[in-house]
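Fold and geometry: a report
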Amino acid sequence: MSPQKPPHDVVIVGGGSAGCVLAARLTEDAGTRVLLLEAGSSALPDAVAHPPAWPSLAASEAGWGDTTVVQQASGAPVALPRGKGLGGSSAINAMVFARGHRTGYDSWGAHGATGWTYDDLLPYFQRTETATSGAPGRGTMGPLTVGPAEPPNEVLLACLDGAVETGHRRAFDISGGLEEGFAPVDLNIVAGRRQSAADAYLAPALGRPNLDVVTGATAHRLIFEGTRCVGVEYGADGRTHTATAAGEVVLTAGTIGSALILQRSGIGAQDDLRPAGVDVFHELPGVGRNLHDHPRANLVHRTQRPVPEGRNNHGEVLGTLRSTADAEGPDVQIIFIDIPLPNPVAPVQNGFTIGISPMRPASRGSLRISSADPYAPPVIDPRYFTAQEDVRAVLSGIATARRIARSAALAGWGVEEVSPGPTAVDEKSLADHARRYFGSYCHPVGTCLMGEDAMSVVDSGLRVRGLDGLRVADASVMPSITSSNTNATVYAIAERAADLLRSS
Ligand SMILES: Cc1cc2nc3c(=O)[nH]c(=O)nc-3n(C[C@H](O)[C@H](O)[C@H](O)COP(=O)(O)OP(=O)(O)OC[C@H]3O[C@@H](n4cnc5c(N)ncnc54)[C@H](O)[C@@H]3O)c2cc1C
């Protein structure tokens, strides 16, 4: 009797930004049978669709509720939200849709990754989107409809005018990866509703007979025959199940999820696995290392004039700039936010926030399993602001943001900086404030670094090094973080991964 053929060619683990793209693209070929496993639900809270509600989502059932270990910089843990459910983080994120600046991708080859420069990625960026701006180099036929807020919040337009007044360039298309300066950024909002990866990619594919989707399915570990990955053990409905793949298993469980699944499967650094009670199956010291993220410091302002209620994602206008004249590319982002975020100085009822983030942070941290139990919380340590250059970049951004806040364009709003406040003027006070009160911008990357050196986890084809039948294709493979918000790049990585899988 011949062994039974597995019912699926490809098993995809994680139905977030990348997983939805892959499930949809691979099943365009009616001969490819795909199973998508997702730990979270297909029925997410109604607030997911309502753009201004996104800050409430991380604490809902659509989020995993992770926090980091106590951070050296702040002496406190930091919340590090990630999405759980179909759409993953694209279902709870802040909907900013922007490529990083081209200079960031051009450095991805430093670990030996080939074929991932901005120019290499351009067709994949274009494939994802229908950009309403019609800007040169943007996509016109992709599943995601992206464009600036319509109409933008008046206070954010005043901030944009203030940036231009204080000498900054007014960009035409800040989302395209080629420009620097300030402009309204593209958003994943269509007709007033969020458009997640599940909305744009997965929903149109759900009726295909060659696509199976199982939600409430948490991948425990990978199954191997020799060095070949042949399937996934997962938990659902209180039982343990096995999914087998005739072709490949693709991890798209995100920067936190994918590295944890590898580690639980015995793939990683023995110093991480043994203390957690997991035997080393395949030593790959880079798994979980190179964790990094954009930390964001906030200047919170009170205004005398009422700020109109935010109807979009609250952060509709941003700028990218260089902290020093010799920076290789833009390395600071300033984002204008139409609500006064919570701050450590005084409550603010009416006002706005200017967020400042180092876009090319040098700080590197780690992620590891705390136990072999797939439901045990991970140990997440991004080591924010441990590299001094990240603090310097933020200080440069704060100086710029303060000039903008004091511009004539904002004078009519009666602006008063509440946090850190006007008495914080010397570098030490400002640096201390940034290190103490920053938050995560929720862009973790890098735990399954792509490259060809000893610390790389996947090769340039996204195959896990030293094993067969296993790839990783999500935010975790980025060797270094993009110089803007990360989601647009994750979509492009997944589009390219679909091509790589189809051609192998
Ligand atoms: C609150 C928030 C705000 C953000 N704002 C922005 C923004 O405005 N613009 C931007 O560009 N980026 C933003 N980001 C980041 C961006 O959304 C992510 O970089 C991107 O979505 C990551 O995609 P991914 O496919 O790698 O992972 P995810 O989209 O996180 O998908 C991973 C999926 O895998 C599932 N999973 C994990 N472990 C398992 C397991 N063991 N078994 C089965 N399934 C599993 C998860 O539930 C999840 O659905 C934000 C993120 C958050 C959380």
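About the criteria used
- Residues numbered from 1 in each chain as written.
- Predicted model: local features only at pLDDT ≥ 70, side-chain atom pairs only at ≥ 80, totals over all residues.
- Heavy atoms only, no water.
- Buried < 20%, exposed > 50% of the residue type's maximum accessible area, 1.4 Å probe, protein only.
- Helix = DSSP H or I, 4+ residues; strand = E, 2+ residues; numbered from the N terminus.
- Pairing = 2+ DSSP bridges.
- Axes fitted to C-alpha atoms, helices over the stretch in contact; angles between N-to-C directions.
- Salt bridge = Lys/Arg side-chain N within 4 Å of Asp/Glu carboxyl O.
- Near = heavy atom within 4 Å.
- Polar contact = N/O pair within 3.5 Å; in protein donor to acceptor, adjacent residues only side chain to side chain.
- Areas by Shrake-Rupley, 256 points an atom, 1.4 Å probe, with all protein chains shown as cover.
- UniProt positions renumbered as here; feature names shortened; annotations may be inferred.
- Core = buried A, V, L, I, M, F, W, Y, C linked by side-chain atoms within 4.5 Å.
- Contact = heavy atoms within 4.5 Å.
- Domains from an automatic or database assignment.
- Buried area = accessible area lost by both parts, 1.4 Å probe.
- Nonpolar A, V, L, I, M, F, W, Y, C, P; charged D, E, K, R; others polar.

Turning next to the pairing of strand 10 (residues 228-236). The buried fraction of strand 10 is high, at 7 of 9 residues. Relative to strand 10, strand 9 (residues 218-225) runs antiparallel, the two sharing 7 bridges. Each residue of the ladder has a partner; that of Ile 223, found in strand 10, is Gly 231. Taking the residues between adjacent antiparallel strands as the criterion, strand 9 and strand 10 are bridged by 2 residues, where Gly 226 takes a positive phi near 60°. Between strand 10 and strand 11 (residues 239-251), which pair antiparallel and follow one another directly, the connecting turn spans 2 residues, one of which, Asp 237, has a positive phi of 55°.

In this section: the sheet that holds strand 19 (residues 365-368). Read across the sheet, 3 strands follow the order 14-19-20 without closing on themselves; strand pairing throughout is antiparallel. The open sheet has two edge strands, strand 14 (289-291) and strand 20 (379-381), and neither has a second partner. Within the sheet, the average angular offset between the axes of one strand and its neighbour, ignoring direction, is 40°.

A separate point is the pattern of salt bridges. If you walk through the whole model with that rule in mind, you get 24 salt bridges. Note that Asp 66 is salt-bridged to Arg 82, the shortest N-O span being 2.5 Å. A residue pair is termed long-range when its members are at least 10 positions apart, and Asp 66 in the loop between strand 2 (34-38) and helix 2 (102-106) and Arg 82 in the loop between strand 2 and helix 2 qualify at 16 residues. The same class applies to Asp 66 and to Arg 82, which are both buried. It is possible to trace a salt-bridge network through shared partners that takes in Arg 25, Glu 28, Arg 127, Glu 495, Asp 499 and Arg 502.

This next bit is on the site of the ligand. As a structural note, the neighbourhood of the ligand is formed by 38 residues, with Glu 38, Ser 89, Val 96, Thr 486 and Asn 487 the closest of them. Between Gly 85 and the ligand, the recorded distance is 3.3 Å, taken from a backbone N or O atom to an oxygen atom. The backbone of Met 95 places a nitrogen or oxygen atom 3.1 Å from an oxygen atom of the ligand. Contact with the protein chains removes 96% of the 1,000 Å² of surface that the ligand exposes when unbound. Elements that contribute at least two residues to the shell around the ligand include exactly helix 1 (17-26), strand 9, helix 6 (254-264) and helix 10 (487-502). If one sorts the elements of the shell around the ligand by residue count, helix 6 sits on top with 4 residues.

Looking now at unusual backbone geometry. The peptide bond linking Glu 150 to Pro 151 adopts the cis configuration, its omega dihedral lying at -15°. Topologically, Pro 151 is positioned in the loop between strand 4 (144-146) and helix 4 (154-165). With an omega dihedral of 5°, the bond running from Ser 419 to Pro 420 counts as a cis peptide bond. When you line up the elements, Pro 420 lands in the loop between strand 21 (415-419) and helix 9 (427-437). For Arg 383, which is not glycine, the phi dihedral falls at a positive 55°. Relative to the assigned elements, Arg 383 resides in the loop between strand 20 and helix 8 (388-405). The residue Leu 462 is not glycine, and still its phi comes out positive at about 70°. Along the polypeptide, Leu 462 turns up in the loop between strand 22 (439-440) and strand 23 (470-472).

Bringing the UniProt feature "domain: Glucose-methanol-choline oxidoreductase N-terminal" (unreviewed entry) in the protein chain into the picture now. UniProt records the feature "domain: Glucose-methanol-choline oxidoreductase N-terminal" (unreviewed entry) for residues 83-106 in the present numbering. In residues 83-106, the share of helix is 21% and the share of strand is 0%. The end C-alpha atoms are 29 Å apart.

Looking now at the nonpolar core. Counting 125 residues, the largest nonpolar core has Leu 222, Val 249, Leu 262 and Leu 470 as its most contacted members. With 10 residues, the single largest contributor to this core is helix 10. Residues in contact with Leu 222, not counting those within four places in the same chain, are Cys 229, Gly 231, Val 232, Val 249, Leu 251, Ile 261, Leu 262, Ser 265, Ile 267 and Leu 470. Ala 149, Ala 183, Val 185 and Ile 189 belong to the second-largest nonpolar core, a separate cluster that totals 16 residues.

To continue, consider the domain arrangement of the protein chain. The assigned domain composition of the protein chain is domain 1 (1-145 + 194-262 + 443-504) and domain 2 (148-185 + 296-360 + 391-437). Measuring from the centre of the C-alpha atoms in domain 1 to the corresponding centre in domain 2 gives 30 Å. Considering only the side of domain 1, the residues that lose the most area to domain 2 are Pro 52, His 101 and Ser 483, jointly responsible for 23% of the buried surface there. Where domain 1 touches domain 2, the interface holds 1 salt bridge. Note that Arg 138 is salt-bridged to Asp 173, the shortest N-O span being 2.9 Å. Between domain 1 and domain 2 we count 12 residue pairs in polar contact (both at pLDDT 80 or more) in total. Broken down by element, the residue count for the side of domain 1 that touches domain 2 peaks at 3 residues, all from helix 2. Within the side of domain 1 that touches domain 2, the residues separate by chemical class into 15 nonpolar, 11 polar and 3 charged.

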